[in-house]
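Geometric and topological summary
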Amino acid sequence: MESTHKYYNCNNDNLPLELTREEESALKGEQGEIMQMAYRILVATGEATDAEKLIPIEWAHLSGVNYNTIGDAGEEFLSSISKNARVKVKTTLNPMGFDIDNVSNYKLDENFISKQLSIRNSYETMGVIPSFSCIPYEIFDIPQNGTQVAFAESNAAIHANSYDNLKTNKESAFSALASAIIGKSPYSSLRKEDTPNVTIQMKVKNPNELTYGMLGFYAGKVGDTSVNISGLGEMDQRQCKAMCGGMGTSGTCAKFNFVEGDPNTEKIDFDEKEMQNVHDELNTSEKGDLITLGSPQLGLDEISDLTAKLKGRSFEKRCMVFLPRTVKEQAQKIGYITELERAGCEILSDCCTCLTPLICKDDVDAVTTNSIKGAFYLKNSNGVGVNLKSLKEIVEDETR
Amino acid sequence: MNKILVSGKVEGIILKSNDPINFLGTVDKKTGIISDKNHNLFEKSIKDSILVFPSGIGSSVGAYTIYSIKSNNTAPLAMICKKADLTVATGCALANIPLITISDKEFESIKTGMKILLDTDSTNPIHYQ
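Below or above, wherever it landed, is the structure these notes cover. The shown structure was predicted, so the numbers you read here are calculated from the model rather than taken from an experiment.

Let us look at the overall build of chain B. Across its full length, chain B carries 4 helices and 7 strands. Along chain B, helices (α) and strands (β) appear in the sequence β-β-α-β-α-β-α-β-α-β-β when read from the amino end. Dimensions of chain B, computed from C-alpha atoms along their principal axes, come out at roughly 35 × 25 × 25 Å. Taking all 129 residues of chain B together, 52% fall into the buried category. Restricting to contacts in chain B with at least 6 residues of sequence separation, those with at least 24 account for 69%.

With that settled, the discussion passes to the pairing of strand 6 (residues 198-202) of chain A. Residue and element names in this part refer to chain A. Bridge analysis of strand 6 against strand 9 (residues 266-270) gives 5 bridges, and the strand direction is parallel. Paired with Met202 across the bridge in strand 9 is Phe270. As defined by bridge partners, strand 6 adjoins strand 7 (residues 227-230) across 3 bridges and the pair is classed as parallel. Considered in strand 7, the bridge of Ile200 is made with Ile229. One crossover worth recording links strand 6 to the parallel strand 7 by way of helix 8 (residues 209-222), and it is right-handed.

If you look at the interface, chain B gives 33 residues, while chain A gives 38 residues. Those elements giving two or more residues to the side of chain B that touches chain A turn out to be strand 1 (3-6), helix 1 (23-26), helix 2 (62-71) and helix 3 (86-95) of chain B. A per-element tally of the side of chain B that touches chain A places helix 3 of chain B first, with 7 residues.

Further remarks concern the sheet that holds strand 2 (residues 59-62) of chain A. Residue and element names in this part refer to chain A. With respect to topology, 3 strands assemble into an open sheet ordered 3-2-4, the strand pairing being parallel. In this open sheet, the two edge strands, each paired with only one partner strand, are strand 3 (90-93) and strand 4 (150-151). Inspection of the sheet shows strand 2 paired to strand 4 by 2 bridges, in the parallel sense. Looking across to strand 4, one finds that Ala60 is bridged to Ala150.

Turning our attention to helix 8 of chain A. Residues and elements named next belong to chain A. Compared with the 20 Å implied by 1.5 Å per residue over 14 residues, the 20 Å span of helix 8 between its first and last C-alpha is a close match. By the criterion of burial, helix 8 is predominantly enclosed, with 12 of the 14 residues buried. Within the sequence span of helix 8, burial applies to Glu209, Leu210, Thr211, Tyr212, Gly213, Met214, Leu215, Gly216, Phe217, Tyr218, Ala219 and Gly220.

Procedures and definitions
- Numbering of residues begins from 1 in every chain and follows the order in which that chain's sequence is written.
- Ligands are numbered from 1 and chains lettered from A, in the order in which they are written.
- In view of the model being predicted, local features appear only for residues whose pLDDT reaches at least 70, and side-chain atom pairs are presented and counted only at 80 or more, with totals across whole chains, interfaces and linings using the full set of residues.
- To qualify as a helix, a DSSP run of H or I must reach at least 4 residues; to qualify as a strand, a run of E must reach at least 2; elements of each kind are numbered from the N terminus.
- Partly exposed residues are those falling between the two cut-offs: more than 12 but fewer than 20 other C-beta atoms within 10 Å of their own, whereas 20 or more means buried and 12 or fewer means exposed, with C-beta atoms placed from the backbone.
- Placing C-beta atoms from the backbone, we regard two residues as in contact once those atoms come within 7 Å.
- Each pair of strands is called paired provided DSSP finds at least two bridges between the two strands.
- We call a crossover right-handed when, viewed with the strands running away from us, the connection from the first strand over the helix to the second turns clockwise.
- The length a helix should cover is 1.5 Å for every residue beyond the first.

Shown next as structure tokens:
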């Protein structure tokens, strides 16, 4: 890494970030190039977020794993730093591009597979837990209330802040990696008290997970770093995850507060009309050639529920089900996987709908999904049509 | 307040977007062309521009996209935002792309096609030419 680059300049009298003597020395390169690079990233991040200092974190969750997204630049970068870089705190990992157990069933070339395996190897060499999951909050134990973490995956950061009583910024792939290597993160925005200036009032009746995904997508466009949401009833885990996934896709917001907000807070309604606008933006097809479930990946409760909903019925078209490997192993023991495979599901661990290389517009015109996050990336990155349906509708319409 | 996130000195032509940019999924890494039909820079290339936009949005993996477009020589020469988000800040930091933030007022006045010298060592980093 070139080190001639300065992150401070002559205007540094307004420098908000104060470093300890040890941190200064690392930034100057006295603890090696890797530490210098990691500190440079944290200083840039701290500047961006008005942090006054760096604070210790206990858990980092990294994005930037899928070769489909990080490409050769990412693969080479990780391969290079993994020679010397080691993570200092518990560090978990986002999904990659495929499930090694069944990758031969899909049209992926040798280059993709070998580059992806190189990325996996680099992370493992650095001491990262190869969890390949975008739902770390569901498959790992949650630390005690108020613990500082550094989560890069947007839905996971939002979930951690909103439901798990953890504190994280919406980290980038680099700031989370730098935080993992240093064991610290800038003390900024969402790590402190944050009072949103806008409250979204949920006005849509009888919401399902698709509604909550669209609410999240809308909230992400409206809010800044965090947003209040009022008028929500009891929500299940699928709906919570849909809302986090939707919000992480459309904006910079990384926390819901489930309060009305004080009287000075601007109030905005999320009604049928606003929902229709989001629907029209993301729903581009009347029907799909295949179905995807999972973005975020499905947890064990959702797998159990899907198995129960199917009640012996089978899908009439391909249905890809994305879940973490640990959930797949648990589901196998209980017998859910056998049942889902009987129903025609393709079970995929270690990867996810979001930015999957396994769906290609040469083979597929449109995909049916209940995921707003999945819909956004299928439409904009995979370039396929999207047909939005709730899980209930999918089971009713697409199985027999 | 102007913030210097990544320093540097570069001369170029402004390409301004009033829409925020989701680098992951809406920027073609090989060409630097914006591929999102709903974006006001749709079909425009950000390569070698001084890219002015409100902020980055969307997945944090976008930081690697910035690193990628720099490696592919399709990156902007510099970026100027109203608000620096973590994805753009760290992506630019690693890719060594100068990045500053400017006030809402200056953001309003800056226009596509303007030629500027961006010099983060200067008290006033933007010199209009």
